[in-house]
Amino acid sequence: MGSTDTPDPGVPVTSDTAAPSATATTAGARAHARAQHGLTAAFMRHVPATGSPTAPDGIAAERLTWSETVAAGGYTTAVLQRGTRVRLTDVDGDACAHVLLHRADAPHERLNVADTVKVPWQAYLGTGHPLLSGFGRVLATIVADTSDAHDALTGTTTTAGNAARYGSGAPESASPAGRDLLLLGALKHGLGPRDLPPSVSFFQGVRVAADGTLTWRGSAGPARTVDLLLHVDAIVLLANTAHPLDPRTEFTCSPLRVHAWPAADELDALARGDLVGPLGPEHLQAIANTDADLTARGVL
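Residues numbered from 1 in each chain as written. Predicted model: local features only at pLDDT ≥ 70, side-chain atom pairs only at ≥ 80, totals over all residues. Heavy atoms only, no water.

Per an unreviewed UniProt entry, the chain carries the name Urea carboxylase and comes from Mycolicibacterium grossiae.

### Quick word on the nonpolar core
Across soluble globular proteins, you tend to see nonpolar side chains buried next to one another. Counting residues in hydrophobic clusters, the biggest one holds 41 residues, and the most contacted among them are Leu80, Leu88, Val99, Val200, Phe202, Leu256 and Val258. Take this core: its biggest share by element is 6 residues, from strand S12 (residues 234-240). Not counting chain neighbours up to four residues away, the residues in contact with Leu88 comprise Ala97, Val99, Phe202, Phe203, Arg224, Thr225, Val226, Leu238, Leu256, Arg257 and Val258. One finds Ala49, Leu64, Trp261 and Leu279 within the second-largest nonpolar core, a separate group that totals 14 residues. (Core = buried A, V, L, I, M, F, W, Y, C linked by side-chain atoms within 4.5 Å. Buried < 20%, exposed > 50% of the residue type's maximum accessible area, 1.4 Å probe, protein only. Helix = DSSP H or I, 4+ residues; strand = E, 2+ residues; numbered from the N terminus. Contact = heavy atoms within 4.5 Å.)

### As for the sheet that holds strand S4 (residues 97-103)
If you trace the 5 strands from one edge of the open sheet to the other, you get S2-S12-S4-S8-S7, paired in antiparallel fashion. Of all the strands in the sheet, just strand S2 (74-80) and strand S7 (150-151) have a single pairing partner and so form its edges. Inspection of the sheet shows S4 paired to strand S8 (residues 200-202) by 3 bridges, in the antiparallel sense. Paired with Val99 across the strands is Val200, a residue of S8. Sitting on the sheet, helix H4 (residues 178-187) is in contact with S2, S4 and S12, with an inclination near 145 degrees to S12. (Pairing = 2+ DSSP bridges. Axes fitted to C-alpha atoms, helices over the stretch in contact; angles between N-to-C directions.)

### What about the environment of Leu228?
Relative to the helices and strands, Leu228 resides in strand S11 (residues 224-230). Relative accessible area serves as the criterion here: at 4%, Leu228 is assigned to the buried category. Placed 143 residues apart in sequence, Leu228 and Arg85 show a C-alpha to C-alpha distance of 5.6 Å. Setting aside residues no more than four positions away along its own chain, Leu228 makes contact with Thr84, Arg85, Val86, Leu131, Ala140, Thr141, Ile142 and Phe202.

### Details of the sheet that holds S11
Taken together, the 6 strands give an open sheet; going across it, the order is S1-S13-S3-S11-S6-S5, and neighbouring strands pair in antiparallel fashion. Of all strands in the sheet, those with a lone pairing partner are strand S1 (66-70) and strand S5 (130-132), marking the two edges. The sheet shows a mean angle of 20 degrees between the axes of neighbouring strands, taken without regard to direction. Sheet analysis places S1 next to strand S13 (residues 256-262), joined by 5 bridges and oriented antiparallel. From the neighbouring strand, Ser67 faces S13, where its bridge partner is His259. Contacts from helix H5 (residues 265-272) reach strand S3 (84-90), strand S6 (138-145) and S11 within the one sheet, and its direction differs from that of S11 by about 95 degrees.

### Some words on H5
What sets the pattern is the α-helix's 3.6 residues per turn: residues three or four places apart point alike. Turning to H5, its buried residues number three or more, namely Glu266, Leu267, Ala269 and Leu270. The buried side chains of H5 occupy one side of the element, clustering within an arc of 165 degrees when seen end-on. Among the exposed residues of H5, those pointing more than 90 degrees away from its buried face are Asp265, Asp268 and Arg272. For H5, the elements touching its buried residues are S3, S6, S11 and helix H6 (281-296). (Arc of directions from axis to C-beta.)

### Regarding the environment of Ala71
Take Ala71: it is sitting in the loop between S1 and S2. Sequence separation between Ala71 and Arg257 is 186 residues, and the spatial gap between their C-alpha atoms is 8.8 Å. Excluding anything up to four places from it in sequence, Ala71 contacts Phe43 and Asn240.

### Considering the pattern of salt bridges
If the charged atoms of two oppositely charged side chains come close together, the side chains can form a pair. Going through the model one piece at a time under the given rule, you end up with 17 salt bridges. Asp227 is the partner of Arg87 in a salt bridge, and the nearest nitrogen-oxygen pair spans 2.9 Å. Taken together, the residues Arg87 in strand S3 and Asp227 in strand S11 connect sequence positions 140 residues apart. The pair Arg87 / Asp227 is uniform in exposure class, with both members buried. (Salt bridge = Lys/Arg side-chain N within 4 Å of Asp/Glu carboxyl O.)

### Overview of the pairing of S13
Of all 7 residues that make up S13, 5 are buried, and the element is covered over most of its length. Two elements, S3 and S13, share 7 bridges in a ladder whose sense is antiparallel. Following the sheet pairing, Thr89 is matched in S13 by Arg257.

### Here's the deal with the side chain of Asp115
Along the chain, Asp115 falls in helix H2 (residues 113-118). Residue Asp115 is classed as buried on the basis of its relative accessible area of 14%. For Asp115, the contacting residues outside a window of four places in its chain are Pro120, Leu132, Ser133 and Gly134.

### Overview of unusual backbone geometry
Residues other than glycine predominantly adopt negative phi, and peptide bonds predominantly adopt the trans conformation. Look at the link from Val47 to Pro48: it is a cis peptide, with omega at -5 degrees. By the element assignment, Pro48 lies in the loop between helix H1 (26-40) and S1. With a phi angle near 90 degrees, Phe203 is a residue other than glycine that sits in the positive phi range.

### Things to note about a nonpolar patch on the surface
A grouping of Leu153, Val208 and Leu214 is seen on the molecular surface, where their side chains present a nonpolar patch of about 200 Å² in accessible area. Here Val208 is to be found in strand S9 (residues 205-208). Judged by its relative accessible area of 36%, Val208 is partly exposed. (Patch = residues over 30% accessible without salt bridge, like charges linked within 9 Å, V, L, I, M, F, W, Y side chains within 5 Å. Areas by Shrake-Rupley, 256 points an atom, 1.4 Å probe, with all protein chains shown as cover.)

Structure, rendered in C-alpha cells:
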C-alpha cells in the first residue's frame, strides 16, 4: 500500500485524486508562460536589434539590424540587404553554425558549395573566401575570421544519422539534425526540401588527409568570430547543432551569437583590395557577374 502522500501505483489516478494542473486556468497558463519567458529570453532575437545587450565591441547597438543568441540545437533565419555585414560568434567554443544563403529576389539562386570550393581553388574557408552560387555570382564574402575552423565539405547532420548516434534527430529532441532545422527556417520563406543544397559550417574544422579521409579537428576555442559581407539581398538560414563528424558520443553544442549591421561601403573597399587585401581573378569576376546582374535588375 502507498502512503497517504503517495498514490498507490496499482490504483489509477482519477480526476478526484490527480493534482490540479498549474496551467488549467487562464491565469495559471499566463503565469507559467511568463516564467518560461524568463528562462528562454537569452535565446530569443532582440527586438529591436538596436536594443541589443550583446553588441560587438566597436559596433554601436544603434547600428544593428539583427541581434540574437541561438541556443544549442536551435535555428534562425533573416532576410538581409546587400551590403550587410553578419558576424557569427562562437561564445563558449562548441557552437557549429550550419549556413545556407538564397537570393531574396530569386531564391532559386542559392549557395553552391561545389563552386564555392572549386572556383577560388581553395577547399578551406577563411578570410577572403567567396561564397558562390551556381550562376558564377558571389552571394557573400568572408571578410574576417578569428577561428579558421570551418567546413565546406561535409554538409550538416541528418535525422537518420543523429538517430543512430544520439537516439533521435527530430527538431524537438535534445539532438536535432541540422537539415531538419534548416528546413524549418526555409519553410518560413516559402521554400521546401528541394531548396536545401549542402550547407557550409563554421567553428568546427575539417581537414582532408592525403588518402582522402575527412578528419574532424573541432573548435578553435571560445569567443571566435567570422564575418560575412553580403553582395545581394539574401535569405540567411542558420542552424546551430553538432557537426556530423564530431566523434563525441554525447550531443555537444553551445550557444551561437549573431549580429548584423549595414556596411555597404565595404563592398567597394573589398573589390579595390582595401578590405582583406587583393582578391583573386576568379573572385573579382564573380563580383563583376553579380554587379552586372544587379544592374540589369535595376538594383545598382
